[in-house]
Amino acid sequence: MRLSRFFLPVLREDPREAEIVSHRLMLRAGMIRQETAGVFSWLPLGHRVLTKIMDIVREEQAAAGALEMLMPTIQPAELWRRSGRYDDYGKEMLRITDRRDNELLYGPTNEEMITAIIANDVQSYRDLPLNLFHIQWKFRDEIRPRFGVMRGREFLMKDGYSFDVSEEAGRAAYNRMFVAYLRTFAAMGLKAIPMRAETGPIGGNLSHEFLILADTGESAVYFDRAFLDKDAAALQVDYDDDEAVAAIVADYTAPYAATDDIHDPARFEKEVPQERRVEGRGIEVGHIFFFGDKYSKPMNCTVLGPDGREVTVQSGSYGIGVSRLAAAIIEASHDDAGIVWPQPVAPFDLGLINLRQGDAATDAACETLYEALRNAGLEVLYDDRADRAGEKFARMELIGLPWQVIVGPRGLKDGKAEVKNRASGATQEVSLNAVVARMLDACTEPPGRG
Ligand code: 5CA
C-alpha cells in the first residue's frame, strides 16, 4: 500500500479526551474515531489490526473444532423473555421498537438466540457435541464508557457457545476453549493469565477470565509469579484428547490467580510464598463460562438420548473482546514514540521509507524494493509522500510497524538500505538485493505458535 493512496489521518497533538495510552495512540495513529460516547469508527489502519486479531481467533477456534456462523445484532425481546433475562438485564440493554411496535433489542450477547437455534434444529444426541461462534458487534449501554475501545458501548466480540449431552462432555468443551484461549492470546504476542471469576449476568458456577497485565487495567489482580514463567505459545495440544486437554487446564489453574471480585487474601498468603506473590492490574480480554442448563432448560433445548429419553443440553459460552484487544495489545506494547505492534497483529509487516521522494535514483530503488517485497508476500506500507524525513520517521514510529526499510541517497551510493527493528530500535545496513530475504526471514519467524 502506498501511503499517498492510504487514509492515515495522524494527529500531532495528544487528544485531550484520551486518559490512557492506548486510546491516545489509537486516535493519534488514525486507527479510530469516536462517533458518540463509546461508539467508534475503525479507519483503515485500525481495521487492518481488527482483521489480524480476528484471523488469529478464527484459526484457533477452527483448530479446537468450533464452527463459525453469524447471528444478527438485532434480536426479538421475546427470546429474552423466555430465558427470564429481559427484565434482569436492566438499562444496559438497548431496547428498540420497530414501526409495527415489535419489541427488539441490540444484542449484548447471544445465549438465548443460539440456544433457540439448537432447540429447533437439533433433535438427537448423535448431532452433538456442537460448538458455534460468531464475531459480531454487541451493544451494552455501559454507565461509564471510557478508555476508547477498551470499554465501549458498541464493541466487537467473538462469542461462542457449546452444546453437549452430559455435564462431563460439557466440561470437556469448556476445557478445549480454555486451552484455545491460552493459545489464541499467546499467538497475539500476549501473556494472558486465566483467573477464576464471577459469572455476573451470564450465570453458572464455573468461569475463568483471561487477563493481560497492564497498569491501566480495570481489575486488581493477585497471582502466583509461576504464571509469568509459563509459555502458552509453546503449548502442543490434541483437541481430541479430553484427558490431555484437562491436564493443561489443571496445570494452568493450579497456581493461585484471582481478580479483586473473588480474591481471598488469606488463601493467597497461605498458598503462595511471599516472593512469588504478585499484585497488579489487568485487562480482561476473554471470559469463559460453563452454565449447564441455565438457558437450555427454560428454552426447552433438549435432545433424545441413546435410551430414547429426553436430555436437557449442557452449555457454556466463551467470549473474546476483539475490539478491546486492539487497545489491550497497545497497552502491553508501546514506547514513548508510539505503538510497537507484535508481528502477528501488525497492520503491515513493514514500512518502506523513501527519504528523498522525487529524487530519481531513490524513487527507482524504492519502487523496485516495494514490488519485490510485495511479490514475496509481505505487507508493505510504502511512505512515498513528499514529507520531511523527520516527519516520516515520527509517523512510522507512531504507527508501530515491526520493521522499517529506510532508503535514501546516502546509503544508495553503496547500494544499501537501512533496516530498523521497531521494538529494539536496532538498525542494520543491508545490501539492496538482500533486503527481501532479510525481511522475509524477520517477518515469518515463527510467531511462537505450536
Ligand atoms: N456471553 C459471554 C461469553 S460469550 C459474555 O458476554 N461474556 S463477557 O460479558 O465477559 O464479554 C466477553 C468479553 O467481551 C470480555 O471478556 C471483554 O473482553 C469484552 N467486553 C465486554 N464488555 C466490553 C466493553 N464494554 N467494551 C469492550 N469490550 C468488552
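Higher on the page you've got the structure.
The text that follows walks through the structure, step by step, so that each part is easy to find. (Residues numbered from 1 in each chain as written. Predicted model: local features only at pLDDT ≥ 70, side-chain atom pairs only at ≥ 80, totals over all residues. Heavy atoms only, no water.)

### Considering the site of the ligand
Then comes step 1: In the vicinity of the ligand there are 22 residues, among which Thr109, Glu111, Arg140, Gly152 and Glu284 approach most closely.
Then comes step 2: Contact between the ligand and Arg140: an oxygen atom at 2.7 Å from a side-chain N or O atom of the residue.
Then comes step 3: The separation between an oxygen atom of the ligand and a polar main-chain atom of Val285 is 3.5 Å.
Then comes step 4: In the complex, 95% of the free accessible area of the ligand, which totals 600 Å², lies under the protein chains.
Then comes step 5: One can see that the ligand is located within the largest pocket.
Then comes step 6: If you list the elements that add at least two residues to the shell around the ligand, you get β8 (154-164), β13 (277-292) and β16 (314-321).
Then comes step 7: Tallying contributions element by element places β13 first for the shell around the ligand, with five residues.
Then comes step 8: Considering only residue class, the shell around the ligand consists of eight nonpolar, seven polar and seven charged. (Near = heavy atom within 4 Å. Polar contact = N/O pair within 3.5 Å; in protein donor to acceptor, adjacent residues only side chain to side chain. Areas by Shrake-Rupley, 256 points an atom, 1.4 Å probe, with all protein chains shown as cover. 1 Å grid on protein atoms, 1.4 Å probe; cavity = no way out; pocket = protein on both sides within 12 Å on 5 of 7 lines; lining within 4 Å. Sits in = over half its atoms within 2 Å of the grid points. Helix = DSSP H or I, 4+ residues; strand = E, 2+ residues; numbered from the N terminus. Nonpolar A, V, L, I, M, F, W, Y, C, P; charged D, E, K, R; others polar.)

### Here's the deal with the packing of helix α6 (residues 167-187) against helix α7 (residues 242-253)
Then comes step 1: As a packed pair, α6 and α7 sit with axes 9 Å apart at the nearest point and diverge in direction by 60°. With respect to α7, the element α6 is oriented oblique. α6 and α7 meet at a crossing whose hand is left-handed. Mapping the contact onto sequence places Ala172, Asn175, Arg176, Phe178, Val179 and Leu182 in α6 and Asp242, Val245, Ala246, Ile248, Val249, Tyr252 and Thr253 in α7. (Axes fitted to C-alpha atoms, helices over the stretch in contact; angles between N-to-C directions. Parallel < 35°, antiparallel > 145°, perpendicular 65-115°, else oblique. Left-handed = near helix turned anticlockwise from the far one by under 90°. Contact = heavy atoms within 4.5 Å.)

### Structural notes on the sheet that holds strand β19 (residues 350-354)
Then comes step 1: Taken together, five strands build an open sheet; the order of strands is β20-β19-β21-β22-β23 and the sheet is mixed. Looking along the sheet, the strands with just one partner apiece sit at the ends: β20 (380-383) and β23 (427-431). Strand-to-strand twist in this sheet, taken as the mean axis angle between neighbours without regard to direction, amounts to 25°.
Then comes step 2: Most of the contacts of helix α11 (residues 389-399) go to β19, to which it runs at about 175°, and overall it touches β19, β20, β21 (403-407) and β22 (416-421).
Then comes step 3: Each of β19, β21, β22 and β23 is contacted by helix α13 (residues 435-443), which is oriented at about 165° to β21, the strand it contacts most. (Pairing = 2+ DSSP bridges.)

### A look at the side chain of Asp384
Then comes step 1: Mapping Asp384 onto the fold places it in the loop between β20 and α11.
Then comes step 2: Asp384 gets classed as buried once you look at its relative accessible area, which sits at 11%.
Then comes step 3: Sequence-distant contacts of Asp384, that is, excluding residues within four places in its chain, are made with Arg2, Leu3, Ser4, Gln357 and Lys392. (Buried < 20%, exposed > 50% of the residue type's maximum accessible area, 1.4 Å probe, protein only.)

### Topic: the pairing of strand β11 (residues 219-224)
Then comes step 1: Of all six residues making up β11, six are buried, and the element is well covered by its neighbours.
Then comes step 2: Side chains Ser219, Val221 and Phe223 project from β11 onto one buried face, and the interleaved Ala220, Tyr222 and Asp224 project onto a second face that is buried too.
Then comes step 3: Where β11 lies against β13, six bridges are found, and the strand directions are antiparallel. Opposite Ala220, over in β13, you have Arg281 as the bridge partner.
Then comes step 4: The pairing of β11 with strand β12 (residues 257-259) spans three bridges and is classified as antiparallel. For Phe223, the partnering residue across the bridge sits in β12 and is Ala257.

### Some remarks on the packing of aromatic side chains
Where two aromatic rings form a pair, the distance of their centres and the angle of their planes describe that pair.
Then comes step 1: All told, the structure shown has 12 aromatic pairs when counted by the stated rule.
Then comes step 2: A ring pair is formed by Phe178 and Phe210, whose centres lie 5.4 Å apart and whose planes are at 65°; its orientation type is edge-to-face. Residue Phe178 is located in helix α6, and its partner Phe210 is located in strand β10 (residues 206-213); the two are separated by 32 residues in the primary sequence.
Then comes step 3: On the basis of relative accessibility, which here comes to 0%, the residue Phe178 falls in the buried class.
Then comes step 4: For Phe210, a relative accessible area of 0% gives the class buried.
Then comes step 5: Ring geometry for Phe291 and Tyr295: centres 4.9 Å apart, planes at 75°, overall edge-to-face.
Then comes step 6: Residue Tyr295 is classed as buried on the basis of its relative accessible area, which comes to 1%.
Then comes step 7: Through a chain of ring-to-ring contacts, three or more aromatic side chains come together here, namely Phe178, Tyr181, Phe185 and Phe210. (Phe/Tyr/Trp six-rings, centres within 6.5 Å; stacked < 30°, edge-to-face > 60°.)

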